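What follows is each chain in one-letter form.
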Amino acid sequence: RQRQSAAVIQSRLRCYATEVLHNERVSKTSLILTSVKQREEICHLRRLLSVATQANVQLNSVVSKLEPEATHLREENKRLARTATAAASAFALPAASAFALP
């Protein structure tokens, strides 16, 4: 009986050890796969960052080229507004005098 009990215990210990080893392998495999996936995601994010940085440089270049033109157009707009105001005033005086009572 004791031999049977010892054999049963030994068999259970072997099963338990096998299960522990299996679980360790599964855990290691899972960690490796997670690590590989994270490395792939990091590479992808680095590529996206590189593309975004290049786009930002190009955008800044375009903005710096357009800024002088925008400043010029704002100044031109102010000048035209002054001219339009002066023209409206010049037109309004004779028109008002044409309707004035004698």
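Refer to the preceding data block for the structure.
Being a predicted model, the structure only gives us computed values, none of them experimental. (Residues numbered from 1 in each chain as written. Predicted model: local features only at pLDDT ≥ 70, side-chain atom pairs only at ≥ 80, totals over all residues. Heavy atoms only, no water.)

Student: Would you explain the overall build of the protein in this entry?
Tutor: Helix and strand counts for the protein come out as one helix and zero strands. If one aligns the C-alpha atoms of the protein with their principal axes, the spans along those axes are about 140 × 35 × 10 Å. For the protein, the residues scored as buried account for 0% of the 102 residues in total. Summing over all exposed atoms, the protein offers an accessible surface of approximately 9600 Å²; the carbon and sulfur share of this is 64%. Taken as two groups, the 15 positive and 8 negative side-chain charges of the protein have centres that lie 17 Å from each other. (Helix = DSSP H or I, 4+ residues; strand = E, 2+ residues; numbered from the N terminus. Buried < 20%, exposed > 50% of the residue type's maximum accessible area, 1.4 Å probe, protein only. Areas by Shrake-Rupley, 256 points an atom, 1.4 Å probe, with all protein chains shown as cover. Lys, Arg positive; Asp, Glu negative; His and termini not counted. Charge placed at Lys NZ, Arg CZ, Asp CG, Glu CD.)

Student: Help me understand the pattern of salt bridges in this model?
Tutor: Note that side chains of opposite charge can pair when their charged atoms are close. Per the stated rule, a full pass over the model turns up three salt bridges. Between Glu67 and Arg74 there is a salt bridge; the shortest N-O distance is 3.2 Å. We classify Glu67 as partly exposed; its relative accessible area is 38%. In this structure, Arg79 engages Glu76 in a salt bridge whose closest nitrogen and oxygen atoms are separated by 2.6 Å. Of this pair, Arg79 and Glu76 both sit in helix α1 (residues 2–98), three residues apart, which is roughly one turn of the helix. A relative accessible area of 27% means that Glu76 is categorised as partly exposed. (Salt bridge = Lys/Arg side-chain N within 4 Å of Asp/Glu carboxyl O.)

Student: What's the story with the environment of Ala55 in this structure? I'm lost.
Tutor: Note that Ala55 resides in helix α1. With relative accessibility at 41%, the residue Ala55 sits in the partly exposed group. A C-alpha to C-alpha distance of 26 Å links Ala55 and His72, two positions 17 residues apart in sequence.

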